[in-house]
Amino acid sequence: MTDLVDRLVPDQLWVLLRRVVPPTEVIRPQGGGRRRAGDREALAAIIFVATSGCTWRQLPPVFGPSWQTVYRRFAQWNRDRVWARLHRVILDELGVRGELDWSRCAIDSVSLRAAKGGHLTGPNPTDRGKLGSKIHLITDRNGLPLSLGASGANMHDSQGLKPLVRGIPPVRSRRGPRRRRPKRLHADKGYDYDHLRRWLRGRGIRHRWVVERTVSWLAGCRRLHRRYERKAEHFLAFVAIAAALIGYRRLSR
C-alpha cells in the first residue's frame, strides 16, 4: 500500500468505513479472473478526487484500480448510502466524546455554478442568472456539519430551514439519550420570517447567526468549488464526503 493511500485513509478512518460498507462477495464459478480492487485503495482514490478537484479520468494510477473501477465503486457506495452513513457514524463518535456543542447551532447556504446542469440546479440571482446549485447546512457551535442538503441556486434560503432541521439525525451523546435538537439556531436575515420563528419555537429552538467558517471548510473539498456532476445524487455524495472529512479531522485531533 502506498504512502498516499495511508495518508488519505488513515487506520481510524478505514475502521469507520468498514462499519458502513456492505460486504461484497465475488463468486467465480470457473475460478480465475482479476482480484477485486481493495476498498481502502478505492476510498483513497475517491477522497483524492474530492479534495484535489481532478476529474475521474485524471486519477493517477498510483492508487491501483482504474478510474472506471473507482467511479463504479463511488456510484455503488452512493446507492448503498455509504457516504451518508459514514457521516452519521462520525457524528456518533464525536457525540460520544463530547465534541459536539448543541448550544448554538447555525444554518446557512453557499451557491456554486453548475458546469453541466442537471437536477437541483437553477438560475443564480447573484451570478447574473447563470445556472447553479446551493448547498444548505446546519452546523454545531464549532462548525461541524450536522445536516446537509442541496437545491437549485434560485431557491430562497428560508425554504431550506425546515428540511435541514428535520434532517438532523439522532446523534449519540456522552451521557443520556441521542440528541437531534439544537438549543439555539443562528441564521442571517434570509431566514428571518415570523412563520419560521414560530415553527422553531414550537420545537424549543431559538435562533439567529451565520456559519461562514464551515462554508470555507467545505471549499477545502475542491470538487465543490463548482458543481461538475450532472447527477444530483453524485453532487450530494461529494457534499456528504466533505462533511464526513470535516468531522473526521475533529475526531482525529
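Since the structure is predicted, the reported quantities are computational estimates derived from the model, not experimental observations.

Rules behind the numbers
- Residues numbered from 1 in each chain as written.
- Predicted model: local features only at pLDDT ≥ 70, side-chain atom pairs only at ≥ 80, totals over all residues.
- Heavy atoms only, no water.
- Helix = DSSP H or I, 4+ residues; strand = E, 2+ residues; numbered from the N terminus.
- Expected span 1.5 Å × (residues − 1).
- Buried < 20%, exposed > 50% of the residue type's maximum accessible area, 1.4 Å probe, protein only.
- Axes fitted to C-alpha atoms, helices over the stretch in contact; angles between N-to-C directions.
- Parallel < 35°, antiparallel > 145°, perpendicular 65-115°, else oblique.
- Contact = heavy atoms within 4.5 Å.
- Nonpolar A, V, L, I, M, F, W, Y, C, P; charged D, E, K, R; others polar.
- Salt bridge = Lys/Arg side-chain N within 4 Å of Asp/Glu carboxyl O.
- Phe/Tyr/Trp six-rings, centres within 6.5 Å; stacked < 30°, edge-to-face > 60°.
- Pairing = 2+ DSSP bridges.

## Describing helix α9 (residues 232-251)
The end-to-end C-alpha distance of α9, which contains 20 residues, comes to 29 Å, matching closely the 28 Å that a straight helix rising 1.5 Å per residue would cover. Burial of α9 is extensive: 17 of the 20 residues sit out of reach of the surface.

## Some thoughts on the packing of helix α4 (residues 67-79) against α9
Each pair of packed helices can be described by the angle between their axes along with the distance between the axes. Put simply, α4 and α9 touch, their axes get as near as 10 Å, and they point 85° apart. Between α4 and α9, the interaxial angle falls into the category roughly perpendicular. Across from Tyr71, Phe74, Ala75 and Asn78 in α4, the residues of α9 making contact are Glu233, His234, Ala237, Phe238 and Ile241. When the residues that make up the contact of α4 with α9 are grouped by side-chain class, the tally is six nonpolar, two polar and one charged.

## What about the pattern of salt bridges?
This model, assessed by the stated rule, comprises eight salt bridges. As a salt-bridge pair, Arg73 and Asp39 come within 2.7 Å of each other at their nearest N and O atoms. Taken together, the positions of Arg73 in helix α4 and Asp39 in helix α3 (residues 39-52) put the pair 34 residues apart, joining distant regions of the chain. Of the two residues, Arg73 and Asp39, neither departs from the other in class, the shared state being buried.

## Concerning the packing of aromatic side chains
Counted by the stated rule, this structure contains eight aromatic pairs. Where Trp56 meets Tyr71, the ring centres are 5.4 Å apart and the plane angle is 75°; that geometry is what we call edge-to-face. Highlighted residues: Trp56 in the loop between α3 and α4 and Tyr71 in helix α4, separated in sequence by 15 residues. Three or more aromatic residues link up through ring pairs in this structure, and these residues are Trp56, Tyr71, Phe74, Trp77, Trp83 and Phe238.

## Quick look at the pairing of strand β1 (residues 105-113)
Where β1 meets strand β5 (residues 184-186), two bridges bridge the pair, whose relative direction is parallel. By the bridge assignment for β5, Cys105 is matched with Leu185.

## A few points about the environment of Leu131
Note that Leu131 resides in strand β3 (residues 131-139). Expressed as a C-alpha distance, the spacing of Leu131 and Val89, which sit 42 residues apart in the sequence, is 34 Å. If we skip the residues at most four places from it in the chain, Leu131 touches Arg113, Ala114, Gly117, Thr121, Gly122 and Pro123.

## Structural notes on the environment of Arg249
In this fold, Arg249 is placed in helix α9. A relative accessible area of 46% means that Arg249 is categorised as partly exposed. Sequence separation of Arg249 and Leu13 is 236 residues, and the distance between their C-alpha atoms is 9.8 Å.

So, to be careful, I would describe these as geometric facts and stop short of saying anything about function.
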